[in-house]
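# Geometric and topological summary
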Amino acid sequence: QVQLVESGGELVQAGGSLRLSCAASGSIFMFNAMGWYRQAPGKQRELVARITSGGNTNYADSVKGRFTISRDNAKNTVYLQMNSLIPDDTAVYYCQGRTYFTDYWGQGTQVTVSS
């Protein structure tokens with residue numbers, strides 16, 4: 001059973017930056033794609049960014065130009081670089097790994113952006 005462990009969330013001021021990490025206990029090549037989702041209080045979980053095994057990426061409109069997803073295959077880790085953070089980015093951020101059969105999720109990491 002592969003586990004995904006997120007880290008890097010913390011309290012930051014608006015305009016600041018954070019880098020989230022998602023470390024897999026096994027090879028990330030098992031995933032067709034890996035993504036970052038977020039869920040704010042009272043809202044549904046939403047896709048923030050996704051990267052395929054081939055390196056193709058896509059982003060939510062709300063984060064385009066501010067967030068960058070990347071992967072380090074040697075470290076079995078996916079990153080989310082978040083710049084120009086705004087209070088609306090406040091949420092629990094979850095890492096997801098997708099295979100043909102199922103999705104794997106991490107436990108989440110809290111990002112809080114103060115105004």
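Structure first, text after, so check above.
The present account deals with the structure reproduced in this document. Since this is a predicted model, take the numbers as computed values, not measurements. (Residues numbered from 1 in each chain as written. Predicted model: local features only at pLDDT ≥ 70, side-chain atom pairs only at ≥ 80, totals over all residues. Heavy atoms only, no water.)

### Overview of the environment of Pro87
Mapped onto the secondary structure, Pro87 falls in the loop between strand 8 (77–82) and strand 9 (91–98). Residue classification places Pro87 among the partly exposed positions, given a relative accessible area of 37%. Once you skip the residues sitting within four places of it in the chain, Pro87 turns out to touch Ala14, Val113 and Ser115. (Helix = DSSP H or I, 4+ residues; strand = E, 2+ residues; numbered from the N terminus. Buried < 20%, exposed > 50% of the residue type's maximum accessible area, 1.4 Å probe, protein only. Contact = heavy atoms within 4.5 Å.)

### So, the environment of Ser53
Locating Ser53 in the fold gives a position in the loop between strand 5 (46–52) and strand 6 (57–59). Taking the C-alpha atoms as reference points, Ser53 and Ala33, separated by 20 residues in sequence, lie 5.5 Å from one another. Beyond its immediate stretch of four places on either side in the chain, Ser53 contacts Phe31, Asn32, Ala33 and Arg71.

### Quick word on the sheet that holds strand 1 (residues 4–7)
The strands making up a sheet are joined through hydrogen bonds of the backbone, oriented either antiparallel or parallel. The strand order across the open sheet formed by four strands is 1-3-8-7, and the pairing between neighbours is antiparallel. Sheet topology places strand 1 and strand 7 (67–72) at the edges, where each strand pairs with a single neighbour. Averaged over all neighbouring strand pairs, the angle between strand axes comes to 15°, with direction disregarded. Across four bridges, strand 1 lies against strand 3 (residues 18–24) in antiparallel orientation. The residue bridging Ser7 from the neighbouring strand is Ser21, located in strand 3. (Pairing = 2+ DSSP bridges. Axes fitted to C-alpha atoms, helices over the stretch in contact; angles between N-to-C directions.)

### A short note on the side chain of Thr109
In this fold, Thr109 is placed in strand 11 (residues 109–114). Here the side chain of Thr109 touches Gly9 through a polar contact of 3.1 Å, landing on its backbone nitrogen. (Polar contact = N/O pair within 3.5 Å; in protein donor to acceptor, adjacent residues only side chain to side chain.)

### A look at the pattern of salt bridges
Here the structure, examined in full by the defined rule, presents five salt bridges. Two residues, Lys64 and Asp61, come together in a salt bridge whose shortest N-O distance is 3.1 Å. Across the salt bridge formed by Arg98 and Asp103, the nearest N and O atoms sit 3.0 Å from each other. With relative accessibility at 29%, the residue Asp103 sits in the partly exposed group. The structure contains a network of salt bridges with shared partners spanning Arg38, Glu46, Arg66 and Asp89. (Salt bridge = Lys/Arg side-chain N within 4 Å of Asp/Glu carboxyl O.)

### Observations regarding the environment of Leu85
Inspection of the secondary structure assignment puts Leu85 in the loop between strand 8 and strand 9. Once the C-alpha coordinates of Leu85 and Arg66 are considered, the two residues, 19 residues apart in sequence, prove to be 7.8 Å apart.

### Details of the state of the cysteines
Scanning all chains against the criterion turns up one disulfide. Here Cys22 pairs with Cys95 through a disulfide, and the sulfurs are 2.0 Å apart. Residues Cys22 and Cys95 are joined through a disulfide that is left-handed, its torsion about the S-S bond being -75°. With Cys22 in strand 3 and Cys95 in strand 9, this pair connects stretches of sequence that are 73 residues apart. Like Cys22, the residue Cys95 is buried in the burial classification. (Disulfide = S-S within 2.5 Å.)

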